[in-house]
Amino acid sequence: MTRTYWNGEERVTKRRGRGEGSITHRPDKNCWQGVLTIGYDAQGRRKRRVVYGPTRKSVQDKLTRLQGQKLDGTLGDLCKLRLAEYLDQWLENCAKRTVRETTYVSYEVLVRLHIKPHLGGIKLTQLAPSHIDAFLRRLNEAGHSPRRQQMAFGILRGALNHAVKRGLLLRNVCQCVDTPKAEQREMHPLNQEEAQRFLKAAEGDRLHALYVLALTVGAREGELLGLEWKDVDLDMQVMFIRRTLNESLGKFLSGPPKTKRGTRKVRLPQVAIDALLEHRKRMLKEGHAGVDLVFCDQAGGPLRRQNVQRRSFIPLLAQADCPEIRFHDLRHTYATLALANGVPIRVISDTMGHSGSSVTIDTYAHVLPSQERLAADKMDAVFGRIG
């Protein structure tokens, strides 16, 4: 119980429950004051919200409303940061330490070009779902792809989640907005005849071995461009995928593969071994004996993807009378041909570096009916027709 004095009269009042705030009379201001603790700062100090009213009941009503906002996550603290300032801090102090360099670069570009121009001037605690809806609508009206909209939204959502963990926000407004749907890229694998024609056309090309590896082991383009001779053991007929080479803003960035299982040992077929032996001879003739990269440019430096696409890949497709596809579709070609020819899904998944066999099944489900027919035919071959 507490004693409250009002106009010289002593009144006994009931102590409020824990977390409900406190109410006191302020004779100096001739009013009542309510205080509610809304959280703690980084130093462990309490953060409070103070309200005033002419009567105790009016203050109690205000505290009740604040308590409701605190519980449903709509009560912000007194953080003065604008979103642009917070995102700069988040990129420098959090993202840079927790993601790969290539990922960090993409985060920085999306924040700088898309998020900050639209939302950067809004105070962090005043950010509302309507702001996020308008932001996504403007991205769509500007013609940005669904995938780019999804990436920008994902970065903002992750940054605001971090703000919630740090006590700067009580809720993440992105959770009140539907996630943009990214269109799944349609794959265009070559069929067996087209793949054979393509490799035939590439036999005299400087990057013939690059295409052989892409089609026979399904390695990603970045994994092949980052491959070094120390990763290849032709005697043991294996190669090791340990890194991927990417380019961003004109700078080459080398890092680990996309997933933990992306770092892997790959068994090489004889056709790939023969292509690598010929490729090594070619590199020695060009004077690249001391170059670490298996696939390099004429000067011994890393290959740029757009140069590979424009100067070699697209012309070879045209020469082989194949449809114009992405380099990544060679990886899809490996998977579909391997499945169609009875290679177990687990082997394909391990070879490609998928995070699990379920990824392989989900991605190439359209090939599985022919696999089921093959399995049935093999059972007929084992047991024959009974009766």
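For the structure given in this document, a descriptive report is provided here. (Residues numbered from 1 in each chain as written. Predicted model: local features only at pLDDT ≥ 70, side-chain atom pairs only at ≥ 80, totals over all residues. Heavy atoms only, no water.)

## Here we look at the overall build of the chain
The cut-off we apply is this: Here a helix means four or more residues in a row that DSSP labels H or I, a strand means two or more in a row labelled E, and each is numbered from the N terminus. Summary of the burial criterion: residues with accessible area below 20% of their type's maximum are buried, those above 50% are exposed, and those between are partly exposed, where the area comes from a 1.4 Å probe applied to protein chains only. Contact between two residues is taken to exist if any of their heavy atoms lie within 4.5 Å; hydrogens are not considered.
Helix and strand counts for the chain stand at 14 helices and ten strands. Across the 387 residues of the chain, 41% fall into the buried class. In the chain, of all internal contacts separated by at least 6 residues, the share reaching a separation of at least 24 is 59%.

## Concerning helix H9 (residues 270-285)
As a reminder of what qualifies: Multiplying 1.5 Å by the helix residue count minus one yields the expected span of that helix. In this context, the arc is that of the directions from the helix axis out to the C-beta atoms.
Spanning 16 residues, H9 covers 23 Å between terminal C-alpha atoms, matching the ideal 22 Å at 1.5 Å per step. Here H9 has its buried residues at Ala 272, Ile 273, Ala 275, Leu 276, His 279 and Met 283. All buried residues of H9 lie within an arc of 160° about the axis, which places them on one face of the element. In H9, the exposed positions angled more than 90 degrees off the buried face are occupied by Leu 284 and Lys 285. Phi turns positive, to about 85°, at Gly 287, one or two residues after H9.

## Notes on the packing of aromatic side chains
Convention followed: Whether two aromatic rings pair depends on their centres lying within 6.5 Å, for rings of Phe, Tyr and Trp, where Trp uses its six-membered ring; planes under 30 degrees apart make the pair stacked, over 60 edge-to-face, and the rest tilted. Counted as over-ring charges are cases with an Arg CZ or a Lys NZ within 6 Å of the ring centre that also lie within 35 degrees of the ring normal.
This structure, assessed with the given rule, holds six aromatic pairs. Note on Phe 198 and Tyr 211: the rings are 5.2 Å apart at their centroids and 75° apart in plane angle, and the pair reads as edge-to-face. Residue Phe 198 is located in helix H6 (residues 192-201), and its partner Tyr 211 is located in helix H7 (residues 208-217); the two are separated by 13 residues in the primary sequence. The aromatic ring of Trp 229 is capped on one face by Arg 280, whose charged end is 5.9 Å from the ring centroid.

## Quick word on the pattern of salt bridges
Defined as follows: A side-chain nitrogen of Lys or Arg and a carboxyl oxygen of Asp or Glu constitute a salt bridge if their distance falls within 4 Å.
This structure, assessed with the given rule, holds 19 salt bridges. One salt bridge in this structure joins Glu 108 and Arg 112, with 2.8 Å as the shortest N-O distance. Of this pair, Glu 108 and Arg 112 are both found in helix H3 (residues 101-119), four residues apart, which corresponds to roughly one turn of the helix. A salt bridge links Asp 350 to Arg 261, with the nearest nitrogen and oxygen atoms 2.1 Å apart. With Asp 350 in helix H12 (residues 345-352) and Arg 261 in the loop between strand E9 (251-255) and strand E10 (264-267), this residue pair connects regions lying 89 residues apart in the sequence. Given the relative accessible area of 31%, Asp 350 is considered partly exposed.

## Side note on the packing of H7 against helix H11 (residues 328-340)
Filter applied, for reference: Interaxial angles span 0 to 180 degrees and are taken between N-to-C directions of axes, which are lines fitted to C-alpha atoms, for helices over the stretch in contact. Here the angle decides the label: under 35 degrees means roughly parallel, over 145 means roughly antiparallel, 65 to 115 means roughly perpendicular, and every other value means oblique. Polar here means any residue other than Ala, Val, Leu, Ile, Met, Phe, Trp, Tyr, Cys and Pro, which are nonpolar, and Asp, Glu, Lys and Arg, which are charged; Gly is therefore polar.
Relative orientation of the contacting elements H7 and H11 amounts to 40°, with a least axis distance of 6 Å. By the criterion of interaxial angle, the relationship of H7 to H11 is oblique. The residues of H11 that touch H7, namely those facing Tyr 211, Ala 214, Leu 215, Thr 216 and Val 217, are Leu 330, Arg 331, Thr 333 and Tyr 334. Residues that form the contact of H7 with H11 fall into these classes: six nonpolar, two polar and one charged.

## Thoughts on empty space enclosed by the protein
Empty pockets left among the atoms are what a rolling probe the size of a water molecule brings to light. Filter applied, for reference: Using a grid of 1 Å spacing that covers the protein atoms alone, one calls a set of points a cavity when a 1.4 Å probe fits there but cannot get out, and a pocket when the set is open and has protein on both sides within 12 Å along at least five of seven lines; lining residues are those with an atom within 4 Å of a point. Grid points are joined across faces, edges and corners, and a volume is the space filled by probe spheres set on the points.
Evaluated as defined, the whole model comprises one cavity of 30 Å³ or more. In this structure, the largest cavity encloses a volume near 40 Å³. For the largest cavity, the full set of lining residues is Leu 225, Leu 245, Asn 246, Glu 247, Phe 252, Leu 303 and Arg 305. Class assignment of the residues belonging to the lining of the largest cavity gives a composition of four nonpolar, one polar and two charged.

## Some words on the nonpolar core
Filter applied, for reference: Nonpolar core, defined: a set of buried Ala, Val, Leu, Ile, Met, Phe, Trp, Tyr and Cys residues in which side-chain atoms within 4.5 Å join the residues together.
The biggest cluster of nonpolar side chains holds 43 residues, and the ones touching the most others in it are Phe 198, Tyr 211, Leu 213, Met 239, Phe 295 and Leu 330. Contributions of two or more residues to this core are made by H6, H7, helix H8 (221-225), strand E7 (238-241), H9 and helix H10 (305-319). Contact partners of Tyr 211, with chain neighbours within four places excluded, come to Phe 198, Leu 199, Ala 202, Asp 205, Val 308, Ser 312, Phe 313, Leu 316, Phe 327 and Leu 330. Formed by 31 residues, the second largest nonpolar core is a distinct cluster that contains Trp 90, Val 111, Phe 153 and Leu 160.

## As for the sheet that holds E7
Put simply, the rule is: By this definition, two strands are paired if DSSP reports at least two bridges between them.
The strand order across the open sheet built from three strands is E6-E7-E10, with neighbouring strands paired in antiparallel fashion. Each edge of the open sheet carries a strand with a single partner, namely strand E6 (232-233) and E10. Relative to E10, E7 is paired through four bridges, and the arrangement is antiparallel. The partner of Phe 240 across the bridge, within E10, is Lys 265.

## Details of a nonpolar patch on the surface
Stated precisely, the cut-off is as follows: Each patch is built from salt-bridge-free residues with over 30% relative accessible area, joining like charges within 9 Å and nonpolar side chains (Val, Leu, Ile, Met, Phe, Trp, Tyr) within 5 Å. With residues, only the protein chains shown are counted as cover, and all accessible areas are computed by Shrake-Rupley using a 1.4 Å probe.
A cluster of nonpolar side chains, contributed by Met 379, Val 382 and Phe 383, occupies part of the molecular surface with about 350 Å² of accessible area. Position of Phe 383 among the secondary structure elements: in helix H14 (residues 368-383). The class for Phe 383 is exposed, based on a relative accessible area of 61%.

## With respect to the environment of Leu 245
Relative to the assigned elements, Leu 245 resides in strand E8 (residues 244-248). Put simply, Leu 245 and Leu 224 are 21 residues apart on the chain and 8.1 Å apart in space, counted from C-alpha to C-alpha.

## Some thoughts on the side chain of Thr 102
Tracing the backbone shows Thr 102 in helix H3. Residues contacting Thr 102, with those up to four places away along its chain left out, are Asn 246 and Leu 253.

Keep in mind these values describe shape, not function.
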